[in-house]
Amino acid sequence: MRNIYNFSAGPAVLPEEVLEQARAEMLDWHGSGMSVMEMSHRGKEFMSIADKAESDMRELAAIPANYKILFLQGGASSQFAMVPLNLLGRSGKADYVQTGQWSEKAVGEAKNFGSIHIAASSESDGFNSVPLLAQWRISTDAAYVHYTSNETIGGVEFQWTPDLSAAEGDCKDIPLVADMSSNFLSRPLDVGKFGLIYAGAQKNVGPAGLVVVIIREDLLDVAPLSGIPAMLRYKTHADNASMYNTPPTYAIYIMGLVMEWLKRQGGLVAIEQRNIAKARLIYDLIDGSNFYRCPVNRADRSRMNIPFTLRDPSLDEIFLKLAQTRGLIQLKGHRSVGGMRASIYNAMPLEGVQALANFMQEFEKNHA
Ligand SMILES: *Cc1c(COP(=O)(O)O)cnc(C)c1O
């Protein structure tokens, strides 16, 4: 048992059982005489590991057969470019919903490749909420609509899946694209509502170095912008079952162990209930106090990343130092926001969140 609770936003905590299993299998995976790191990615051992990771993910998230699951590299940040490079198509136009720093980065990259329209933004609100679907102004000729389902820095999360057929204008056939890096598999999701989903693994499902892309098959037929490298085409990776080049094998293996762990937890319905309970512990404490404050609109608060400030910011350093002595680490807020941020992904146990809540109460009592 480890004696700290790690609230890092990413790379983030992994389930202890997964790390134990990886340790037990480190030198000799299932009698193969090899570490997973030493295996050929085309050998039968690693192929079975990758196939199992994929089929477990497909089962957990009920991913329909007409979607491909790709295991790629370059992080979610590469997807900021790969999405427009592959999907802008003939119209060369796409719509983006702006809800914070990650969606802004996605917009900034996409602007290098096409004409980008902001369909909705919560900028006027300091990015502390998500714009209601009724406020989205989608261009009918957009090649896709992109949004960020959880803003990791701002702690703003969509508690609903945008249904473009209910949005204003005739846009029901426009593919919906989501950056789910920081809430992927933290709750059930209806993959059929999306054209493409991408998620860096290091927030909620595995180690850094791996990004998961789930793409509806018909989108593989959209002609990518001409002249783009083979490595940046979805079709290259889809046609080669993510083995066009050497994939991030060890990261895929660990993610596979996380999928098995998620299944043992009871799947996404069960993990969602735990995530709701964990988030409520901290938000209830903040809302019941004049000492702590969370700037995010209540309905749009993230279950994964909880930003909060102290009434007196000169106490921030003491808060962080004392928390650390209790084994509560990585609570410092993002450099652009200040204050604190507690990231409580799937693998953060309820006991860790309870320990944080107890510490916050005690700190308030001693410093209010
Ligand atoms: C962390 C994060 C990214 C960037 O991920 P990298 O793997 O570092 O490229 C993008 N989007 C969101 C929502 C994130 O949380």
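Attention here is on the structure that accompanies the text.

Things to note about empty space enclosed by the protein
Piece 1. Scanning the model with the defined rule gives one cavity of 30 Å³ or more in all.
Piece 2. In this structure, the largest cavity encloses a volume near 50 Å³.
Piece 3. Val13, Leu14, Pro15, Lys203, Asn204, Val258, Trp261, Leu262, Tyr345, Asn346 and Ala347 are the residues that line the largest cavity.
Piece 4. When its residues are assigned to classes, the lining of the largest cavity shows eight nonpolar, two polar and one charged.

Concerning the nonpolar core
Piece 1. Judged by nonpolar contacts, the single largest core of 93 residues is most densely connected at Tyr292, Phe308 and Phe319.
Piece 2. No fewer than three residues from each of domain 1 (17-264) and domain 2 (267-367) sit in this core.
Piece 3. With sequence-adjacent residues up to four places away left out, Phe308 is seen in contact with Ile286, Tyr292, Arg293, Phe319, Gly339, Met340, Ala342 and Met360.
Piece 4. One finds Leu88, Ala106, Tyr144 and Val177 within the second-largest nonpolar core, a separate group that totals 26 residues.

So, the site of the ligand
Piece 1. Close to the ligand lie 13 residues, the nearest being Ser77, Thr152, Asp179, Gln202 and Lys203.
Piece 2. A distance of 2.6 Å separates a nitrogen atom of the ligand from a polar side-chain atom of Asp179.
Piece 3. Gln202 is positioned with one of its side-chain polar atoms (N or O) 2.9 Å from an oxygen atom of the ligand.
Piece 4. Surface burial for the ligand is 86%, taken as the share of its 390 Å² of free accessible area covered by protein chains.
Piece 5. In terms of residues, the shell around the ligand owes the most to one element, helix H3 (residues 75-87), which gives four residues.
Piece 6. Of the residues in the shell around the ligand, the class split is three nonpolar, eight polar and two charged.

Some remarks on the layout of surface pockets
Piece 1. In this structure, the largest pocket encloses a volume near 390 Å³.
Piece 2. In terms of lining residues, the largest pocket is bounded by 19 residues, among which Tyr5, Glu16, Ala347, Pro349 and Glu351 are the most central.
Piece 3. Looking at the lining of the largest pocket, the elements that each hand over two or more residues are strand S1 (5-6) and helix H1 (16-24).
Piece 4. A per-class count over the lining of the largest pocket returns 10 nonpolar, four polar and five charged.
Piece 5. Taken as a whole, the second largest pocket spans an internal volume of roughly 290 Å³.
Piece 6. Lining the second largest pocket are 16 residues, with Leu87, Gly89, Ala143, Pro175 and Val222 sitting closest to its centre.

Here's the deal with the sheet that holds strand S5 (residues 145-148)
Piece 1. An order of S2-S10-S9-S8-S5-S3-S4 is seen for the seven strands of this open sheet, with the pairing classed as mixed. Of all the strands in the sheet, just strand S2 (67-72) and strand S4 (115-121) have a single pairing partner and so form its edges. Between one strand and the next, the sheet's axes are offset by a mean angle of 20°, whatever the strand orientation.
Piece 2. In this fold helix H4 (residues 101-110) packs onto strand S3 (93-98), S4, S5 and strand S9 (196-200), with an angle of close to 160° to the strand it touches most, S3.

Structural notes on the pattern of salt bridges
Piece 1. Summed over all chains, the structure comprises 22 salt bridges.
Piece 2. Between Arg2 and Glu16 there is a salt bridge whose closest N-O contact spans 3.4 Å. Of this pair, Arg2 sits in the segment before S1 while Glu16 sits in helix H1, and the two are 14 residues apart along the sequence.
Piece 3. By relative accessible area, which is 45% here, Arg2 ends up partly exposed.
Piece 4. What makes Glu16 partly exposed here is its relative accessible area of 27%.
Piece 5. Among the salt bridges present, the one from Lys235 reaches Asp239, with a minimum N-O distance of 3.0 Å. One end of the pair, Lys235, and the other, Asp239, are both in helix H5 (residues 234-239), four residues apart, so they sit about a helical turn from each other.
Piece 6. Since its relative accessible area comes to 38%, Lys235 is described here as partly exposed.

Focus on the packing of helix H6 (residues 249-264) against helix H7 (residues 267-287)
Piece 1. As a packed pair, H6 and H7 sit with axes 7 Å apart at the nearest point and diverge in direction by 80°. Comparing their axes, H7 and H6 come out roughly perpendicular. Here Trp261, Leu262 and Lys263 of H6 lie close against H7, whose contacting residues are Gly267, Ile271 and Arg274.

Details of the sheet that holds strand S11 (residues 292-293)
Piece 1. Here three strands make up an open sheet; going across it, the order is S11-S12-S14 and the pairing antiparallel. Each edge of the open sheet is held by one strand with a lone partner, namely S11 and strand S14 (340-343).
Piece 2. Here strand S12 (residues 305-310) runs beside S14; their pairing, made up of four bridges, is antiparallel. Paired with Asn305 across the strands is Ser343, a residue of S14.
Piece 3. Against the sheet, H7 contacts S11 and S12, and its axis sits at roughly 20° relative to S12.

Each value, and the rule that gives it
- The residue numbering used here restarts from 1 in each chain and proceeds along that chain's sequence as written.
- For this predicted model, a pLDDT threshold of at least 70 governs which residues receive local features, and a threshold of 80 or more governs which side-chain atom pairs are given and counted, while totals over whole chains, interfaces and linings are taken from all residues.
- To obtain the side-chain values, all non-hydrogen atoms of the structure were included, while hydrogens and water were left out.
- With a 1 Å grid laid over protein atoms only, a set of points is called a cavity when a 1.4 Å probe fits there but cannot get out and a pocket when it is open yet has protein on both sides within 12 Å along at least five of seven lines; lining residues have an atom within 4 Å of a point.
- Grid points are joined across faces, edges and corners, and a volume is the space filled by probe spheres set on the points.
- Residue classes follow a fixed rule: Ala, Val, Leu, Ile, Met, Phe, Trp, Tyr, Cys and Pro count as nonpolar, while Asp, Glu, Lys and Arg count as charged, and any other residue, Gly among them, counts as polar.
- Each nonpolar core is a collection of buried residues, namely Ala, Val, Leu, Ile, Met, Phe, Trp, Tyr and Cys, held together in the definition by side-chain atoms within 4.5 Å.
- Categorising residues by exposure relies on relative accessible area from a 1.4 Å probe, with only protein chains included: less than 20% of the type maximum marks a residue as buried, more than 50% marks it as exposed, and the intermediate range marks it as partly exposed.
- An automatic or database domain assignment supplies the start and end points of every domain.
- Here a residue-residue contact requires only that any non-hydrogen atoms of the pair lie within 4.5 Å.
- We call a residue near a given molecule or strand whenever any one of its heavy atoms falls within 4 Å of it.
- Whenever a nitrogen or oxygen atom comes within 3.5 Å of another N or O atom, the pair is scored as a polar contact, on the condition that within protein one atom can donate a hydrogen and the other can accept it, and that pairs from neighbouring residues in sequence are kept only if both atoms are in side chains.
- Residue-level accessible areas treat just the shown protein chains as cover; the underlying method is Shrake-Rupley with a 1.4 Å probe.
- Only DSSP runs of H or I with at least four residues qualify as helices, and only runs of E with at least two residues qualify as strands; both kinds are numbered from the N terminus onward.
- Strand pairing follows a simple DSSP-based rule, namely that at least 2 bridges must link the two strands.
- Lines fitted to C-alpha atoms define the axes, with helix axes restricted to the stretch in contact, and inter-axis angles between N-to-C directions lie between 0 and 180 degrees.
- For salt bridges, the criterion is a side-chain nitrogen of Lys or Arg within 4 Å of an Asp or Glu carboxyl oxygen.
- When an angle is under 35 degrees it counts as roughly parallel; over 145 it counts as roughly antiparallel; between 65 and 115 it counts as roughly perpendicular; any other value is oblique.

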